[in-house]
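Below, each chain spelled out in residue letters.
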Amino acid sequence: TSRAVNGTAAVPTIRELLADDLPAAFIVVRQLREHLDLEQFQQRVERQKKLGYVLYGAFDVDGGLRGVMGMRPVTTLARGDHLHVDDLVVDPAARGAGLGKALLQFAERWAARHALRAVFLDSRQEVVTFYSALGYSAHTATLMRKHLDK
């Protein structure tokens with residue numbers, strides 16, 4: 001659980017989420033991924049784990065899961081070896097308490113320990129200011145998508 005450091009605000013506990021944690025994680029994640037139900041969420045997490053995806057949780061002082069972040073190491077020709085952060089979301093009632101920042105700092109330390117030179121993430125427009133304040137900048141690539149019919 002969270003702990004105070006030098007008399008300052010409590011530092012959240014961040015740890016890898018296990019299968020038993022997924023229902024609680026879903027409650028947080030569905031705020032960002034409204035199109036998923038619990039079963040779809042659990043299935044997608046399991047499929048992504050086979051590709052290196054790991055889901056982490058930030059727990060508040062009371063032990064409640066209040067923030068969730070997925071991440072995966074990736075190698076591409078354009079970006080080289082890097083960490084991609086997916087699905088970073090903090091429960092609205094816990095925003096402003098430093099959980100999102102703590103999750104990103106955790107990801108950055110993990111990337112550095114694994115000799116990855118950058119962290120990439122996709123951002124909704126309404127949180128660009130948050131990421132910018134933490135040193136993230138817009139990437140020049142434009143994300144494109146085409147839905148394919150089955």
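What you see is a predicted model; the values in this text were computed from it and never measured.

**A few points about the overall build of the protein**
In step 1: Helices and strands together make up the secondary structure of the protein, namely 4 helices and 7 strands.
In step 2: Listed by position from the N terminus, the elements making up the protein come as β-β-β-α-α-β-β-β-α-β-α.
In step 3: Each principal axis of the C-alpha atoms in the protein carries an extent, and together these give about 50 × 35 × 30 Å.
In step 4: The buried share among the 150 residues of the protein stands at 37%.
In step 5: Sequence separation of 24 or more characterises 53% of the internal contacts of the protein that already satisfy a separation of 6 or more.
In step 6: On the protein, roughly 10000 Å² of surface is accessible, and the fraction owed to carbon and sulfur atoms is 52%.
In step 7: For the protein, the centre of its 20 positive side-chain charges and the centre of its 17 negative side-chain charges are spaced 5 Å apart.

**Some details on the sheet that holds strand S4 (residues 54-59)**
In step 1: Pairing is mixed across the open sheet formed by 5 strands, whose spatial order is S3-S4-S5-S6-S7. In the strand order of this sheet, the two ends are held by strand S3 (13-16) and strand S7 (119-121), each with one partner. Strand-to-strand twist in this sheet, taken as the mean axis angle between neighbours without regard to direction, amounts to 30°.
In step 2: Looking at chain direction, strand S6 (residues 80-90) and S7 are connected through 3 bridges and run parallel. If you follow Val 85 over to S7, its bridge partner there is Leu 121.

About the criteria used
Residues numbered from 1 in each chain as written. Predicted model: local features only at pLDDT ≥ 70, side-chain atom pairs only at ≥ 80, totals over all residues. Heavy atoms only, no water. Helix = DSSP H or I, 4+ residues; strand = E, 2+ residues; numbered from the N terminus. Buried < 20%, exposed > 50% of the residue type's maximum accessible area, 1.4 Å probe, protein only. Contact = heavy atoms within 4.5 Å. Areas by Shrake-Rupley, 256 points an atom, 1.4 Å probe, with all protein chains shown as cover. Lys, Arg positive; Asp, Glu negative; His and termini not counted. Charge placed at Lys NZ, Arg CZ, Asp CG, Glu CD. Pairing = 2+ DSSP bridges. Axes fitted to C-alpha atoms, helices over the stretch in contact; angles between N-to-C directions.

Everything listed here is a matter of geometry and, on its own, says nothing about what the molecule does.
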